[in-house]
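Next come the chains, spelled out residue by residue.
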Amino acid sequence: MPERARKIRVSCVLNGSASSFEAHPMARLLDVLREDLKLTGTKEGCGEGECGACSIEMDGVLVNSCLVPALQAQGAKIRTIEGVAIGESLHAVQQAFIAHGGAQCGICTPGMILAALNLLARHPEPDDAQIREGLSGNLCRCTGYMKIFESVVAAVRRAETGA
Ligand code: FES
Ligand code: FES
């Protein structure tokens, strides 16, 4: 990035609250979140848009924050993993990941959970194929995917039964 590139002020809604930050327009949103805003729940894996570890929601769309320039956050509604729990209570999807072993090293987990939530917003009662498709942009080196899949299935069942 050119040394003389000017920073701009970006205003957005971040995890439900008005937020603003200064950044170079082409700074990676991932870096702004982690380094400037100290929201380190969003992880960096590949840094190339391939692994989904850095997934966040922008205006309801799942995006890889390593590919999003800070400029693009202007006026956007952003949700990161820090915005998923409800007060002190973990979201049902987070609870399911814990209960069903969906998280091991945890690098992929925030992105997986955002991907699962994004899927459930689009398909509240997804079938197996929709769950697989919804998680297909997120890579995991640890779990072999089955436990992640089972975690999402459990969260869906729980939502269906109200348990
Ligand atoms: S770190 Fe962004 S997709 Fe891998
Ligand atoms: S739990 Fe380690 S990469 Fe998925």
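Values in this document were obtained by computation on a predicted structure and should not be read as measured data. (Residues numbered from 1 in each chain as written. Chains lettered and ligands numbered in written order. Predicted model: local features only at pLDDT ≥ 70, side-chain atom pairs only at ≥ 80, totals over all residues. Heavy atoms only, no water.)

## Focus on the overall build of the chain
Move 1: Along the chain, the regular secondary structure elements total five helices and five strands.
Move 2: Tracing the chain from N to C terminus, the helices and strands come up as β-β-α-β-β-β-α-α-α-α.
Move 3: Each principal axis of the C-alpha atoms in the chain carries an extent, and together these give about 55 × 30 × 25 Å.
Move 4: Residue pairs at least 24 apart in sequence account for 55% of intrachain contacts in the chain once pairs closer than 6 positions are excluded.
Move 5: Taken as a whole, the chain presents about 8,800 Å² of accessible surface, with 51% of it coming from carbon and sulfur. (Helix = DSSP H or I, 4+ residues; strand = E, 2+ residues; numbered from the N terminus. Contact = heavy atoms within 4.5 Å. Areas by Shrake-Rupley, 256 points an atom, 1.4 Å probe, with all protein chains shown as cover.)

## A word on helix H2 (residues 92–99)
Since the α-helix turns once every 3.6 residues, residues separated by three or four places project in the same direction.
Move 1: Restricting attention to buried positions, one finds in H2 the residues Val93, Gln94, Ala96 and Phe97. Projected onto a plane normal to the axis of H2, the buried residues spread over an arc of 160° and lie on a single side. Facing away from the buried side of H2 by over 90 degrees, the exposed positions are Ile98 and Ala99.
Move 2: Contacts from the buried residues of H2 go to helix H3 (109–122) and helix H5 (146–161).
Move 3: Positive phi appears at glycine 101, one or two residues downstream of H2, with a value of about 70°. (Buried < 20%, exposed > 50% of the residue type's maximum accessible area, 1.4 Å probe, protein only. Arc of directions from axis to C-beta.)

## Quick word on the packing of H2 against H3
Move 1: Running from amino to carboxyl end, H2 crosses H3 at an angle of 130°, the nearest separation of the two axes being 10 Å. When the interaxial angle is binned, H2 and H3 end up oblique. In this structure, the crossing between H2 and H3 has a hand that is right-handed. Where H2 abuts H3, its residues Val93, Gln94 and Phe97 lie against Thr109, Met112, Ile113, Ala116, Leu117 and Leu120.
Move 2: In the contact of H2 with H3, the residues fall into seven nonpolar, two polar and no charged. (Axes fitted to C-alpha atoms, helices over the stretch in contact; angles between N-to-C directions. Parallel < 35°, antiparallel > 145°, perpendicular 65-115°, else oblique. Left-handed = near helix turned anticlockwise from the far one by under 90°. Nonpolar A, V, L, I, M, F, W, Y, C, P; charged D, E, K, R; others polar.)

## As for the domain arrangement of the chain
Where the parts come together, the accessible area they lose is often given as the size of the interface.
Move 1: Taken domain by domain, the chain consists of domain 1 (8–83) and domain 2 (92–161).
Move 2: Here domain 1 and domain 2 have C-alpha centroids that lie 21 Å from each other.
Move 3: On the side of domain 2, 13 residues touch domain 1, which itself brings 15 residues to the contact.
Move 4: Summed over both sides, the interface of domain 1 with domain 2 buries roughly 1,100 Å², with 60% coming from carbon and sulfur.
Move 5: Counting the contacts that link domain 1 with domain 2 gives zero salt bridges. (Domains from an automatic or database assignment. Buried area = accessible area lost by both parts, 1.4 Å probe. Salt bridge = Lys/Arg side-chain N within 4 Å of Asp/Glu carboxyl O.)

## So, the packing of H2 against H5
Between two packed helices, what matters for the description is the angle formed by their axes and the separation of those axes.
Move 1: Relative orientation of the contacting elements H2 and H5 amounts to 135°, with a least axis distance of 8 Å. For the element pair H2 / H5, the angle class is oblique. Crossing of H2 over H5 shows right-handed handedness. Contacts between H2 and H5 pair Ala92, Val93, Gln95, Ala96 and Phe97 from the former with Ile148, Ser151, Val152, Ala154, Ala155 and Arg158 from the latter.
Move 2: Considered class by class, the residues forming the contact of H2 with H5 number eight nonpolar, two polar and one charged.

## Considerations on the sheet that holds strand E4 (residues 61–64)
Move 1: Reading across from one edge, E2-E1-E5-E3-E4 is the order of the five strands in this open sheet, with mixed pairing throughout. Two strands close off the open sheet at either side, each with one partner strand: strand E2 (17–23) and E4. For this sheet, the mean angle separating the axes of adjacent strands, direction not counted, is 40°.
Move 2: Contacting strand E3 (55–58), E4 and strand E5 (77–79), H3 runs over the sheet at an angle of about 40° to E3. (Pairing = 2+ DSSP bridges.)

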